[in-house]
Protein chains: 2
Amino acid sequence: MIEDKNQQRTQLNDLGEFGLIEHLTKNFKLNQKSTVKGIGDDAAVLNFDNKQVIVTTDLLVEGVHFDLSYMPLKHLGYKAIIVNLSDVFAMNAKATQVTVSIAVSNRFPLEALEDLYAGIETAANIYGIDVIGGDTTSSNKGLLISVTAIGEIEPKNEVYRSGAKPNDLLVVSGDLGAAYMGLQVLEREKEVYKVNPNSQPDLEAYSYIIERQLKPEARKDIIKLLEDLDVKPTSMIDVSDGLSSEIIHICKQSKVGCDLYENKIPLDPQVISTCEEFNIDSTTVALNGGEDYELLFTVSQDDFPKIKANPNLSIIGFMKEEKEGIHLVTRADTRIPIKAQGWKNFND
Amino acid sequence: MIEDKNQQRTQLNDLGEFGLIEHLTKNFKLNQKSTVKGIGDDAAVLNFDNKQVIVTTDLLVEGVHFDLSYMPLKHLGYKAIIVNLSDVFAMNAKATQVTVSIAVSNRFPLEALEDLYAGIETAANIYGIDVIGGDTTSSNKGLLISVTAIGEIEPKNEVYRSGAKPNDLLVVSGDLGAAYMGLQVLEREKEVYKVNPNSQPDLEAYSYIIERQLKPEARKDIIKLLEDLDVKPTSMIDVSDGLSSEIIHICKQSKVGCDLYENKIPLDPQVISTCEEFNIDSTTVALNGGEDYELLFTVSQDDFPKIKANPNLSIIGFMKEEKEGIHLVTRADTRIPIKAQGWKNFND
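Residues numbered from 1 in each chain as written. Chains lettered and ligands numbered in written order. Predicted model: local features only at pLDDT ≥ 70, side-chain atom pairs only at ≥ 80, totals over all residues. Heavy atoms only, no water.

- Going by what an unreviewed UniProt entry lists, chain A is known as Thiamine-monophosphate kinase and is assigned to Algibacter marinivivus.
- Looking at chain A in UniProt, the text filed under Function (unreviewed entry) is "Catalyzes the ATP-dependent phosphorylation of thiamine-monophosphate (TMP) to form thiamine-pyrophosphate (TPP), the active form of vitamin B1." (UniProt positions renumbered as here; feature names shortened; annotations may be inferred.)

Here it is as structure tokens:
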């Protein structure tokens, strides 16, 4: 589907491990005051003064988390950074640095890795973070990307999953289900392409949902917005595995229950129309699709006036006593227990 | 060669991603004052007060960095931590935390991962570090381990690769080449085993070099020793890729030259005898073998009295002006330019 217009192919063998990481990161700029020393020694050195340090890590594996037949490498590099920054923002923190390690088979030429690192560099520049380390090695099969993201926060500002209280409002940023439906469209086009490699798909009608799949953003803006509104969530998590499993995480760790209102779940019109086209229930997609990288959080009802009119935020439920359980309140006003589905990658 | 005595096999499919990391780390204790919050939220939270933070990361890939036909999983877990802590110590820093991510194919049962994590836990307890995060996912083939290690240091105590000066002494801890020769013995036994699976190898004569390959240690003790001796190296690096490439790193980054004395390179008697048996030159092994995880550093000549009699340290050369180049001075007193060989994994 995605034609490789870059005909130059430099074998990785020609560079060796020592040359590769230097080559790929030589133009990367350092943006953060807290970065004392980046790539080039045994380790990076950081200085956060009196702030606390946030650390999170994620692996992306070819064939499990991404398919290079429709995921351009530049987008993949961008997305690998985003999914980690999203976890830093979910702590209400500022993202500051990342390390990026890759294992890659010899089927990839140097130019492919340059594309990957171009996406990493773009994300680093847009989010103002520094790439401070990494490792490159060969793999027997495919591409694997391991990112560790680091952030900083004033000790009093941290938000854990465990702070939700009964009667708190449940709030989500943006809209849900788009990345999952974008994936469905891309998978369908891949099948079409297998049958007819000359097909020229018109994906205009799916532009939003495809972008949500291929080039997601992390909600740095929401952390800024909450600060500007003077709202500190009582709990927060990012929506990576689907709304249902994230609600369950908050409820279990906060020891509370929850009523989630089906008619309040924010859906983009393209998600609704594509769900109709694929004959999939849009609520199921929002609950179990995942990869939204929106922020799900709870706030005290006292904060309702501050957030009620904000177009970036949707109030989708209420926290309850733990014994009342976790339920979806449907449009027909029935209550269905919510169970985690998530991405059980070991079932693949 | 290594028989799996654990006959129980629990499929990873039965657990799912959410259950696995919790299951594997549920008994891990937190040792470090700087760990505010470990595994269990979107990210870990650390507090280093006014100290600087050290971050380093390494990938270990099955078939590239290890061979499970002779590497027990518990040893592998241990080694994956050690190779990262070694980089922290090479900054003259204290190691404090690690994150551990694994990608694993369904051929591994849960019990195999429990063995892997038992080795990780052992290393964490021996070195007093906390496992604060990680990711587990499936892979299409084999096992991959990505570790990020974090450490702390007073700003004035950092040692970079770039601080060596002409006339400084070049010093290495322990001895070199043992891990590489251990690998040669293990590879030979693997070939024997292929021909005769009932062979019972007597590896007693190779116990030291095999242990150096399968269960290396990181030289935390040397960092303590240098502190006790009141010696601050002018530059430092750990010996992971072989002495020659590490010397070149120090020389290039410090803009100095070096004379390395062949007759001063510390070799264990088992390395010498095994080199004779395999008809390999022991100096070549020390220069290019790698995986020693010793510390290579330079000190001012003023510090000579403090280190000269220490059995853990060998003075192996002198730093020179950059224009004089980097040479091995042989036992026959000839000078041979040193070139990096290292592990060019992309040539595999």
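The rest of the description comes next.
## Section: the overall build of chain A
At step 1: Along its length, chain A carries 10 helices and 14 strands.
At step 2: In summary, chain A has a C-alpha radius of gyration of 21 Å against a globular reference of 20 Å for 348 residues, a match within 12%.
At step 3: Principal-axis analysis of the C-alpha atoms gives chain A an extent of 65 × 60 × 35 Å.
At step 4: Split into buried and exposed, the 348 residues of chain A put 61% on the buried side.
At step 5: Across chain A, contacts joining residues at least 24 apart in sequence account for 86% of those joining residues at least 6 apart.
At step 6: Summed over its atoms, the accessible surface of chain A is roughly 14100 Å², and 48% of this surface lies on carbon and sulfur atoms.
At step 7: Averaged over its 35 positive side-chain charges, chain A has a centre that lies 4 Å from the centre of its 53 negative ones. (Helix = DSSP H or I, 4+ residues; strand = E, 2+ residues; numbered from the N terminus. Rg over C-alpha atoms; globule rule 2.2 N^0.38 Å. Buried < 20%, exposed > 50% of the residue type's maximum accessible area, 1.4 Å probe, protein only. Contact = heavy atoms within 4.5 Å. Areas by Shrake-Rupley, 256 points an atom, 1.4 Å probe, with all protein chains shown as cover. Lys, Arg positive; Asp, Glu negative; His and termini not counted. Charge placed at Lys NZ, Arg CZ, Asp CG, Glu CD.)

## Description of the sheet that holds strand E12 (residues 313-321) of chain A
Residue and element names in this part refer to chain A.
At step 1: Pairing is mixed across the open sheet formed by seven strands, whose spatial order is E9-E11-E8-E12-E10-E13-E14. Both edges of this open sheet fall to strand E9 (235-239) and strand E14 (335-337), since each of them pairs with a single strand only. Ignoring which end each strand starts from, the neighbouring axes of this sheet average 25 degrees apart.
At step 2: Of the pairings in the sheet, the one linking strand E10 (residues 256-261) to E12 comprises five bridges and is antiparallel in character. Considered in E12, the bridge of aspartate 259 is made with phenylalanine 318. (Pairing = 2+ DSSP bridges. Axes fitted to C-alpha atoms, helices over the stretch in contact; angles between N-to-C directions.)

## Observations concerning the pattern of salt bridges
Side chains that differ in charge, positive against negative, can pair when their charged atoms come close.
At step 1: Here the structure, examined in full by the defined rule, presents 44 salt bridges over all chains.
At step 2: Of the charged contacts, one joins lysine 224 of chain B and aspartate 228 of chain B as a salt bridge, the two residues approaching to 2.9 Å between their closest N and O atoms. Pair noted here: lysine 224 of chain B and aspartate 228 of chain B are both in helix H6 (residues 220-228), with a separation of four residues, about one helical turn.
At step 3: What makes lysine 224 of chain B partly exposed here is its relative accessible area of 46%.
At step 4: By relative accessible area, aspartate 228 of chain B is classed as exposed at 52%.
At step 5: The network of salt bridges with shared partners includes Asp175, Arg212, Arg219, Asp221 and Glu294 of chain A. (Salt bridge = Lys/Arg side-chain N within 4 Å of Asp/Glu carboxyl O.)

## Comments concerning helix H3 (residues 110-127) of chain B
At step 1: Helix length check: H3 of chain B, at 18 residues, gives a terminal C-alpha distance of 26 Å against a target of 26 Å (1.5 Å per residue), a fit within 8%.
At step 2: Burial in H3 of chain B covers these residues: Leu110, Glu111, Ala112, Leu113, Leu116, Tyr117, Gly119, Ile120, Ala123, Ala124 and Tyr127 of chain B. (Expected span 1.5 Å × (residues − 1).)

## A short note on the interface of chain B and chain A
At step 1: Between chain B and chain A, the residue contacts involve 74 residues of the former and 75 residues of the latter.
At step 2: Interface area, chain B with chain A, both sides summed: about 5800 Å², of which 54% is carbon and sulfur.
At step 3: The closest approach of N and O atoms between arginine 161 of chain B and aspartate 41 of chain A, which form a salt bridge, is 3.7 Å.
At step 4: One can count 24 residue pairs in polar contact (both at pLDDT 80 or more) joining chain B with chain A.
At step 5: Counted by class, the side of chain B that touches chain A contains 29 nonpolar, 29 polar and 16 charged residues.
At step 6: Two elements, strand E3 (residues 52-61) of chain A and strand E2 (residues 44-46) of chain B, share three bridges in a ladder whose sense is antiparallel. Bridge assignment links valine 55 of chain A to a residue of E2 of chain B, and that residue is alanine 44 of chain B. (Buried area = accessible area lost by both parts, 1.4 Å probe. Polar contact = N/O pair within 3.5 Å; in protein donor to acceptor, adjacent residues only side chain to side chain. Nonpolar A, V, L, I, M, F, W, Y, C, P; charged D, E, K, R; others polar.)

## Comments concerning the relation of the copies chain B and chain A
At step 1: For these two chains of identical sequence, chain B goes onto chain A by a turn of 180 degrees and a shift of 0.0 Å along the axis, with RMSD 0.0 Å. This pairing of chains is accounted for by a two-fold axis. Taking the C-alpha atom as reference, chain B places asparagine 50 of chain B closest to the rotation axis, 3.0 Å from it. (Least-squares fit on C-alpha atoms with pLDDT ≥ 70 in both.)

## Focus: the confidence of the model for chain A
At step 1: With 94% of its residues at a pLDDT of at least 70, chain A reaches an overall mean of 91.
At step 2: Contacts of residues 342-348 of chain A to residues separated by more than four positions or lying in other chains number 28 contacts, the stretch itself having pLDDT below 50. (pLDDT = per-residue confidence, 0-100.)

## Structural notes on the side chain of histidine 65 of chain B
At step 1: Relative to the helices and strands, histidine 65 of chain B is located in the loop between strand E3 (52-61) and helix H2 (73-89).
At step 2: Residue histidine 65 of chain B is classed as buried on the basis of its relative accessible area of 14%.
At step 3: Of note is the side chain of histidine 65 of chain B, whose polar atom sits 3.3 Å from the side chain of threonine 137 of chain A.

## Focus on helix H7 (residues 243-254) of chain A
All names here are of chain A.
At step 1: With 12 residues, H7 extends 16 Å from end C-alpha to end C-alpha; this agrees with the ideal 16 Å at 1.5 Å per step.
At step 2: Where burial is concerned, most of H7 is hidden: 10 out of the 12 residues are buried.
At step 3: Taken residue by residue, H7 has Leu243, Ser244, Ser245, Glu246, Ile247, Ile248, His249, Ile250, Cys251 and Ser254 as its buried positions.
At step 4: A positive backbone phi angle near 55 degrees is found at lysine 255, which sits one or two residues after H7.

## Some details on unusual backbone geometry
Residue and element names in this part refer to chain A.
At step 1: Residue asparagine 279 is not a glycine yet carries a positive backbone phi of 55 degrees.
At step 2: Backbone geometry at aspartate 333 places phi at a positive 65 degrees, although glycine is not the residue there.
At step 3: Tracing the chain through its elements places aspartate 333 in the loop between strand E13 (326-329) and E14.

## Considering the nonpolar core
At step 1: Of all hydrophobic cores here, the largest spans 99 residues; its most connected members are Leu76, Leu85, Val100, Ile145, Leu260 and Leu296 of chain A.
At step 2: Inspection of this core shows a minimum of three residues originating in each of domain 1 (12-157) and domain 2 (169-347) of chain A.
At step 3: When near neighbours in sequence (up to four residues on either side) are disregarded, leucine 85 of chain A contacts Ala95, Val98, Tyr127, Ile129, Ala149 and Ala218 of chain A.
At step 4: In terms of nonpolar packing, the next biggest core, distinct from the first, is built from 98 residues, Met71, Val159, Val171 and Ile250 of chain B among them. (Core = buried A, V, L, I, M, F, W, Y, C linked by side-chain atoms within 4.5 Å. Domains from an automatic or database assignment.)

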